[in-house]
Each structure stands twice: as C-alpha cells, then as structure tokens.
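So you can see what is in the structure, the chains are spelled out below.
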Amino acid sequence: MIKIQNLTKRYQKLTAVDNLNLEIAKNEVFGLLGPNGAGKTTVIHMLATLLKPTSGTAIVNGYDIISDPSKVRSSIGIVFQAPSSDDMLTGYENLRVHTSLYQVPSSQRKKRIQAVLELVGLADRQHDQVKKYSGGMRRRLEIARGLLHKPKVMFLDEPTLGLDPSSREMMWKYIEKLVKEEEMTLILTTHYMEEADHLCNRIGIIDQGKIIALDTPANLKRSIGGDIVKIKTKSHTDLEELRKLVYVRKIESVDGNVILYVDNARANIADILQHVKAEYVEFRSPDLNDVFLKLASKNIKEDGEGGFMERYAQYGK
Ligand SMILES: Nc1ncnc2c1ncn2[C@@H]1O[C@H](COP(=O)(O)OP(=O)(O)O)[C@@H](O)[C@H]1O
Ligand SMILES: [Mg+2]
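Computed from a predicted model, the values in this text were never measured in an experiment.

Rules of the game
- Residues numbered from 1 in each chain as written.
- Chains lettered and ligands numbered in written order.
- Predicted model: local features only at pLDDT ≥ 70, side-chain atom pairs only at ≥ 80, totals over all residues.
- Pairing = 2+ DSSP bridges.
- Helix = DSSP H or I, 4+ residues; strand = E, 2+ residues; numbered from the N terminus.
- Axes fitted to C-alpha atoms, helices over the stretch in contact; angles between N-to-C directions.
- Parallel < 35°, antiparallel > 145°, perpendicular 65-115°, else oblique.
- Left-handed = near helix turned anticlockwise from the far one by under 90°.
- Contact = placed C-beta atoms within 7 Å.
- Near = placed C-beta within 6 Å.
- Nonpolar A, V, L, I, M, F, W, Y, C, P; charged D, E, K, R; others polar.
- Expected span 1.5 Å × (residues − 1).
- Buried ≥ 20, exposed ≤ 12 C-beta atoms within 10 Å, placed from the backbone.
- Arc of directions from axis to C-beta.
- Core = buried A, V, L, I, M, F, W, Y, C linked by C-beta atoms within 7 Å.

J.: Which parts of the structure should I look at to understand the sheet that holds strand β14 (residues 278–284)?
T.: Picture the strands of a sheet paired through backbone hydrogen bonds; they go either parallel or antiparallel. Taking strand neighbours across the sheet as the criterion, the four strands line up as β12-β13-β11-β14 in an open arrangement whose pairing is antiparallel. The sheet terminates laterally at β12 (248–254) and β14, the two strands that pair on one side only. Here the strands of the sheet are splayed against their neighbours by 15 degrees on average, with no regard to which way each runs.

Dropping the structure here:
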C-alpha cells in the first residue's frame, strides 16, 4: 500500500528524514515510534503530499507522491498533530464543511457523517460547538473528519498527544474499532511505547530521520533475548555458576545487581535462587522500554549532550 524509496528531507544543514526505505502492507497498522524531533511528522507530511521531499519518493495506493499528488490526496486521510477543527462550529458542521471539500457525493453526505460520528462515539454530541468538547473528543472528531471520504490509508500523527491517561485509553479503543470496521491501512506516529505496542502490527523505531529498528512488537521484545531477572545480591556472586545454567542467555552485573536474561523466568526462578544469595529479586517479560535501552547502549558512543540517551531520557524509567 505504501512504498517509500530513498525518501529524504533536509532543512539547511539538518537532515530531518534520512534516505528512508520502507514498505507498508495493505491493512497493516504501522507505528512510527521515536522521540520528539525524530522526523515522524516530516515523514507523514511528505507521504500526504503536504511537504515536498528533498529527494526520493514514495508510492501511496499505487500513486507517486511527486508525480500524482492529487490521486494520493484522494486516497488518504490525515489527522494532524495539532488540532485543526473550527471551534465555533458544531461537530456536525465541521464534518459537513469537509464533505464538500473532499467531494463526498451529496446524496451520501448525511449518511456518511452519521456513520463516522457513530464510529468515534460522538453522535450524541454532534450539535455541540467544538469549543465545548474535551481534548479527546476533539481528536476523535478529527479522526471522523479524516474518514469521511473512505480513504484507503489513514495517517494519525500523535493521536493521543496531550490526552490524560483515561482519554488515551478511550482513544485506543476507538482506533482499534476503526481498524476492525473500516478496511484501511493505518500509519500512526507516537512517542509512547505502550501505545505502539498496544495498537501496531509492526513498528519502525525512528531516530534522527533513520529507522533504527523495524519489526513486530513481539519480535522487537524477543530481540532482548529472554525474560529479565534482576537480583540484588547479598555478597559477591560467582557469575560462572550462573553462566552454566542452560536457560541463562546473558548476564550483566551492575552495582551489586545481577541482571539475567533467561528463558521462562517463571519456571526457572526457584532454581536461579539456589545459585545466588539474593536480598531482593524481580523478574518480568521485556517491554519496548528494554528495546530502547538496548538500542541506546549500541549508540552510546555518540552520546553526550543532545545524544541518544538524552533524546530517549523520557523512556529511561
Ligand atoms: N520547517 C522546518 N524548518 C526547519 N526544521 C524543521 C522544520 N520542520 C521540522 N524541522 C526539524 O526536523 C526535525 C524533525 O521534525 P519532526 O518531523 O517534526 O519530528 P517529530 O514529529 O518526530 O517530533 C526536527 O529536528 C525539527 O526541528
Ligand atoms: Mg511530530
């Protein structure tokens, strides 16, 4: 559905998107995950033909973004990072304006507006002015607006940015419903790991305009190499003993803590504790946070002010 070829965007010296190559399949829910300034919005805006690439191109729904932008535009819906509905109009009126902009046939307008309002749970508030909506409702209205012309591809740029945790979870439910009920390819950007993990079939982690990891959430987590067992030790521990255990894949020792990467921590924890004098132990399955930390440690050499660790500081907990 989308084929990105050597896509690049430069602003003077800054390379916001750096020779990106990526394919996204039909009906995939693809997440572009990365810190602020990674280049996520720039990618989306180029794919949506709102921003001209410095070089490279992309094919969206069979149309080239450079040579066939109007065909691309009629294939896509987009929800911007910053809200763009008219506050003084009602939800219904906002959608009504857009059906004419997007040339939804007049015989279908009313029906389609009601259908998208239902989908995002705003049917009962459609005649209220948008200024009376909560942040979550505004975002849902924008999703509804992006859906009016039944696009093949939908771009959601940071759909939950600035929402409180409960509105965020509600938004996730609506996005899941959207994926189920409307046949479409969805590309969403986010800097929330749990969000990408929860919603996406596949994730591209982007940093400084480059994809640095690309896979399903499960595979990304699997790349960590097993469950994580953290043990605070009472006395010096003989790591060689632990290394001999068949289910232990990797051992790290950090300030009196031993971190083990093991197969099936739950089944093996009792055995592990036979080999260490533990003061405290915890174990868990890896999450995307661990994937970031691993990527961070790979990139540690180029660290420093504005370096990888700083850019990922928000994930470091
Ligand atoms: N119009 C612009 N002029 C100059 N630099 C820009 C412009 N738009 C974006 N940038 C820069 O490009 C980089 C990527 O920005 P953006 O795509 O908005 O990142 P993200 O959406 O991942 O937070 C950032 O360093 C940003 O400051
Ligand atoms: Mg952005």
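J.: What should I look at first to understand the packing of helix α5 (residues 135–147) against helix α6 (residues 165–181) in this one?
T.: The geometry of a pair of packed helices is captured by two quantities: the angle between their axes and the separation between those axes. In contact at an axis separation of 10 Å, α5 and α6 are set at 20 degrees when each is read in the N-to-C sense. Put simply, α5 runs roughly parallel to α6. Like other packed secondary-structure pairs, α5 and α6 cross with a definite hand, here right-handed. Counting all contacts with α5, which are made through Gly135, Gly136, Arg139 and Arg140, the residues of α6 involved are Ser167, Met170, Met171 and Tyr174.

J.: Explain the site of ligand 1 here, please?
T.: Around ligand 1 sit Tyr11, Leu14, Ala16, Gly34, Asn36, Gly37, Ala38, Gly39, Lys40, Thr41 and Thr42, and those are all the residues in its vicinity. Contributions of two or more residues to the shell around ligand 1 are made by β2 (14–24) and α1 (40–47). Class assignment of the residues belonging to the shell around ligand 1 gives a composition of four nonpolar, six polar and one charged.

J.: So what exactly am I meant to see when it comes to the sheet that holds strand β1 (residues 2–11) here?
T.: Ordered by their spatial adjacency, four strands build an open sheet running β2-β1-β4-β5, and the pairing between neighbours is antiparallel. Taken across any chain shown, the strands that pair with only one partner, and hence form the sheet edges, are β2 and β5 (63–64). Taken together, the two bridges between strand β4 (residues 55–60) and β5 define a ladder with antiparallel strand orientation. Each residue of the ladder has a partner; that of isoleucine 59, found in β5, is aspartate 64.

J.: Quick question: what am I supposed to make of α6 here?
T.: The α-helix advances 3.6 residues per turn, and as a result positions three or four apart in sequence lie on the same side. Taking 1.5 Å as the rise per residue, α6 with 17 residues should run 24 Å; its terminal C-alpha atoms sit 24 Å apart, in good agreement. Every buried residue belonging to α6 is among Met171, Ile175 and Leu178, and all of these are buried. Across the axial projection of α6, the buried residues extend over an arc of 55 degrees, all falling on one side. Among the exposed residues of α6, those pointing more than 90 degrees away from its buried face are Pro165, Ser166, Lys173, Lys180 and Glu181.

J.: In this structure, what is going on with the nonpolar core? I would like to understand it.
T.: The nonpolar side chains of soluble globular proteins are, as a tendency, buried together. Counting 61 residues, the largest nonpolar core has Leu47, Val60, Val116, Ala144, Val153, Phe155 and Ile187 as the members making the most contacts within it. Residue contacts for valine 116: discarding those within four places in its chain leaves Leu95, Ala144, Leu147 and Leu148. Formed by ten residues, the second largest nonpolar core is a distinct cluster that contains Leu260, Val262, Ala265 and Val276.

J.: What's the story with unusual backbone geometry in this structure? I'm lost.
T.: Most of the time, phi is negative for any residue but glycine, and the peptide bond is trans. Located in the positive-phi region is threonine 49, a residue other than glycine, with phi close to 65 degrees. Exposure remark for threonine 49: the 21 C-beta atoms within 10 Å place this residue in the buried category. For glutamate 158, which is not glycine, the phi dihedral falls at a positive 50 degrees. By secondary structure assignment, the location of glutamate 158 is in the loop between β7 (153–157) and α6.

J.: What's the story with helix α10 (residues 265–275) in this structure? I'm lost.
T.: If you check which residues of α10 are buried, you get Ala265, Asn268 and Ile272. Projected down its long axis, α10 shows its buried positions confined to an angular sector of 80 degrees, all on one face. What points out from α10, more than 90 degrees from its buried face, is the exposed set Arg266, Ala267, Ala270, Asp271 and Gln274. Buried-residue contacts for α10 involve β11 (227–233), β13 (257–262) and β14.

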